[in-house]
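Single-letter residue listing:
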Amino acid sequence: MHGALRQHPQGSLCVAYSGGPDSTAVLHALAQLPQAHARGLRALHVDHGLHPDSHIWAEHCRQLAQAWGVTCLVLRVDVDHARGYGLEAAARDARYRAFAASLQKGEQLVLAHHRDDQAETVLLKLLRGAGPEGLGGMRATRRLGDGQLWRPLLDAPRQTLRRYVEQHELPCIDDPSNHDARLSRNFLRHEILPRLSQHWPQAVDSIVHSARLHRAATEALEQQWRTEGARLLDASNGSLDASGWLALSPALRHPLLDDWLHARGLSAPTSAQREQIERQCGAREGQLPCIRWPGVEVHVWKGRLWALPPQPAIDPQWQARWQGEPLPLPDGGSLLLEPPVRLPAPLTVRLRRGGEHLRPAGDPHTRELRDLFQQSGMPPWRRAACPMFYAGEELVGAGDRWFTERGIAVLGDARPRWQPAW
């Protein structure tokens, strides 16, 4: 670890500490180094709540880290695998979301992944039909939240870490789920890789070498798809030109889409979901295709791709009295008044129920709200959450765009600012 720190000198340090042998070895090794403490060494332990003893494991990690002079923060998460995730994927998703939310700006999250983990990852990706990016295995570094993920031991075999644990007689947690062969990674680790190594003793080395070749190919392509991404992205709204994206070769198209989604904190699609997006890129005007997978919606609208988390169900009967104070909206958005003043008379804020119309100030005609939405280019998924302002039973404003003469008179010099949830 001493050499790795010299090669990676930037950023404070935080170890992802599960309490298992690998992360225990890494945290203990770093805890012996003054230069690691000088970089604010701390640890994060994620309590998934999937085992009756998980709280005991969390306390074990906190106390052991403290004995080594390291603060350990316990993050408790809810693992939701009822929305199409397998248990492994759901736990990983919850864990990395917790890590991302907890990292400080520029902080390095040190993970104990090693060469054998890399071989397992590449085999899993191969069995799932991955391309060069997936077959390149785990990256040594990548962005995560406000910090960066760092795997300094990808070239070290598992046995090196286990020998360190034995040599220093370090207490470790034995999570029974690590022996459950029903889980894909465990099946590869305990059943498949040992058999491969019996016939091909160099199997792990060969798999890792192949991963390096795929990673090199991926990096050579990355400059090209990043250039294309900059051309296709509308930075003002985050959407991607659908036909331009579809015209790219798969070697550029696939990683560009994944990176675009990851930049928005969303997960990448499976091959089947990606093919759905490709098929829907040619949707006719008026169609509103939406491709969904757990935690993600990709809309095809006005010739562009739009990505966002699933929208919560909204009660169309919701309403609130409002005099200009910050107002949370039921979709997770908010309503403000600028400048922040108190209105002389309260307005009622409602959501769209259908059939609304109003005459915007300066317009000689009364307009259907539906037509105003379409003409303004408001995305369809935002319209149900658009706040509308009533003086008594009269609609005097909608969103932060349209106000009647009466609405302007009530608001005076102030104007509502609507901040949608996404």
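Thresholds, definitions, all that
Starting afresh in each chain, residues are numbered from 1 along the sequence in its written order. At least 70 in pLDDT is required for a residue's local features to be given in this predicted model, at least 80 for side-chain atom pairs to be given and counted, and no such filter applies to totals for whole chains, interfaces and linings, which use all residues. Side-chain numbers here rest on the full set of heavy atoms in the structure, without hydrogens or water. Secondary structure follows DSSP: runs of H or I at least 4 residues long count as helices, runs of E at least 2 residues long count as strands, and numbering of each begins at the N terminus. A 1.4 Å probe rolled over the protein chains alone gives each residue an accessible area, and that area as a share of the maximum for its type sets the label: buried under 20%, exposed over 50%, partly exposed in between. Only the protein chains shown count as cover for residues, and the accessible areas themselves come from Shrake-Rupley with a 1.4 Å probe. For the purposes of this description, domain bounds are those given by an automatic or database domain assignment. Here a residue-residue contact requires only that any non-hydrogen atoms of the pair lie within 4.5 Å. In this description, buried area is defined as the sum, over both parts, of the accessible area (probe of 1.4 Å) that is lost when the two are combined. UniProt positions are given in the numbering used here, feature names are shortened, and annotations may be inferred rather than shown by experiment. Ring geometry is summarised as follows: Phe, Tyr and Trp rings, the Trp one being its six-membered ring, pair when their centres sit within 6.5 Å, and such pairs are stacked at plane angles under 30 degrees, edge-to-face over 60 and tilted between the two. Both a distance and an angle decide whether a charge sits over a ring: NZ of Lys or CZ of Arg must be within 6 Å of the ring centre and within 35 degrees of the ring normal. To obtain each axis, a line is fitted to C-alpha atoms, and for helices this fit is confined to the stretch in contact; angles are then taken between N-to-C directions over 0 to 180 degrees. Small angles under 35 degrees read as roughly parallel and large ones over 145 as roughly antiparallel, with 65 to 115 read as roughly perpendicular and the rest as oblique. Side-chain classes follow a simple rule in which Ala, Val, Leu, Ile, Met, Phe, Trp, Tyr, Cys and Pro form the nonpolar group, Asp, Glu, Lys and Arg form the charged group, and the remainder, Gly included, forms the polar group. Here, a strand pair is defined by DSSP locating no fewer than two bridges between the strands. We call a set of buried residues a nonpolar core when its members are Ala, Val, Leu, Ile, Met, Phe, Trp, Tyr or Cys and they connect through side-chain atoms within 4.5 Å of each other.

1. Some details on the overall build of the protein chain
Right, on to step 1. From N to C terminus, the protein chain includes 16 helices and 21 strands.
Right, on to step 2. If you line up the protein chain on its principal axes, its C-alpha atoms span 85 × 50 × 40 Å.
Right, on to step 3. By the burial criterion, 45% of the 422 residues in the protein chain qualify as buried.
Right, on to step 4. Only carbon and sulfur atoms are counted for the fraction: they give 50% of the accessible area of the protein chain, which is about 21,800 Å².

2. Focus on the domain arrangement of the protein chain
Right, on to step 1. According to the domain assignment, the protein chain contains domain 1 (1-200), domain 2 (233-308) and domain 3 (319-419).
Right, on to step 2. The C-alpha-based centres of domain 2 and domain 3 are spaced at 31 Å.
Right, on to step 3. At the junction of the two partners, domain 2 supplies six residues and domain 3 supplies six residues.
Right, on to step 4. A buried area of about 460 Å², summed over both sides, lies between domain 2 and domain 3, and 87% of it is on carbon and sulfur atoms.

3. Concerning the UniProt feature "domain: Lysidine-tRNA(Ile) synthetase C-terminal" (unreviewed entry) in the protein chain
Right, on to step 1. In the UniProt entry, the feature "domain: Lysidine-tRNA(Ile) synthetase C-terminal" (unreviewed entry) is given for residues 347-418.
Right, on to step 2. Structurally, residues 347-418 comprises 26% helix and 32% strand, and the distance from its first C-alpha atom to its last is 15 Å.

4. Describing the packing of aromatic side chains
Right, on to step 1. Within this structure, the stated rule accounts for seven aromatic pairs.
Right, on to step 2. Ring centres 5.8 Å apart and planes at 85° place the aromatic pair Tyr96 and Phe99 in the edge-to-face group. Of this pair, Tyr96 and Phe99 both sit in helix α5 (residues 87-102), three residues apart, which is roughly one turn of the helix.
Right, on to step 3. Aromatic pair Trp301 and Trp306: ring centres 5.5 Å apart, planes at 55°, arrangement tilted.
Right, on to step 4. Taken together, the ring pairs connect Trp301, Trp306 and Trp381 into an aromatic cluster.
Right, on to step 5. The lysine or arginine in question, Arg92, covers the ring of Tyr96, its NZ or CZ lying 4.3 Å from the ring centre.
Right, on to step 6. Stacked on the ring of Tyr390, the Lys or Arg Arg350 has its end atom at 4.3 Å from the ring centre.

5. Concerning the environment of Ala25
Right, on to step 1. Along the chain, the position of Ala25 falls in helix α2 (residues 21-31).
Right, on to step 2. Considering only alpha carbons, one finds Ala25 and Ala90, 65 residues apart in sequence, at a separation of 26 Å.
Right, on to step 3. The contact partners of Ala25, leaving out residues within four places of it in the chain, are Leu161, Tyr164, Val165 and Leu170.

6. Some thoughts on the packing of helix α6 (residues 115-127) against helix α9 (residues 184-199)
Right, on to step 1. Axis separation between α6 and α9 bottoms out at 10 Å; the angle between their running directions is 105°. Classified by the interaxial angle, the pair formed by α6 and α9 is roughly perpendicular. Note on element contacts: α9 touches α6 through Ser184, Arg185, Leu188, Arg189, Leu193 and Leu196, opposite Asp117, Glu120, Thr121, Leu123, Leu124 and Leu127.
Right, on to step 2. In the contact of α6 with α9, the residues fall into six nonpolar, two polar and four charged.

7. Brief notes about the sheet that holds strand β21 (residues 415-419)
Right, on to step 1. Ordered in space as β13-β14-β21, the three strands form an open sheet in which the pairing is antiparallel. Two strands bound the open sheet, and with one partner strand each, they are β13 (327-328) and β21.
Right, on to step 2. The sheet contact formed by β13 and strand β14 (residues 334-338) spans two bridges and is antiparallel. Opposite Pro328, over in β14, you have Ser334 as the bridge partner.

8. Brief notes about the nonpolar core
Right, on to step 1. If you look at the biggest cluster of nonpolar residues, it comprises 32 residues, and the most contacted ones within it are Val15, Tyr17, Val26, Leu27, Leu30 and Leu41.
Right, on to step 2. Taken together, the elements giving at least two residues each to this core come down to α1 (2-7), β1 (13-16), α2, α4 (54-67) and α8 (158-168).
Right, on to step 3. Examining the composition of this core, we find that six residues originate from one element, α2, more than from any other.
Right, on to step 4. Residues within four places of Val15 in sequence aside, it is in contact with Ser23, Val26, Leu27, Leu30, Leu41, Arg42, Ala43, Leu44, Leu109 and Val110.
Right, on to step 5. Ranked by size, the runner-up nonpolar core spans 30 residues in total, among them Leu337, Leu347, Leu369 and Phe373.

9. Examining unusual backbone geometry
Right, on to step 1. Note that the residue after Glu338, namely Pro339, is joined by a cis bond; omega there is -10°.
Right, on to step 2. Secondary-structure assignment places Pro339 in the loop between β14 and β15 (347-350).
Right, on to step 3. A positive phi angle, near 50°, is found at Glu169, a position not held by glycine.
Right, on to step 4. Position of Glu169 relative to the elements: it lies in the loop between α8 and α9.
Right, on to step 5. Its relative accessible area of 69% is what places Glu169 among the exposed residues.
Right, on to step 6. For Lys302, which is not a glycine, the phi torsion comes out positive at approximately 55°.
Right, on to step 7. One can find Lys302 in the loop between β10 (296-301) and β11 (304-308).

10. Observations regarding the UniProt feature "binding site: ATP" (unreviewed entry) in the protein chain
Right, on to step 1. The positions that UniProt labels "binding site: ATP" (unreviewed entry) are, in the present scheme, Ser18, Gly19, Gly20, Pro21, Asp22 and Ser23.
Right, on to step 2. One can find Gly20 in the loop between β1 and α2.
Right, on to step 3. For Gly20, a relative accessible area of 13% translates into the label buried.
Right, on to step 4. Not counting residues up to four positions away in its chain, the partners in contact with Gly20 are Cys172 and Ile173.

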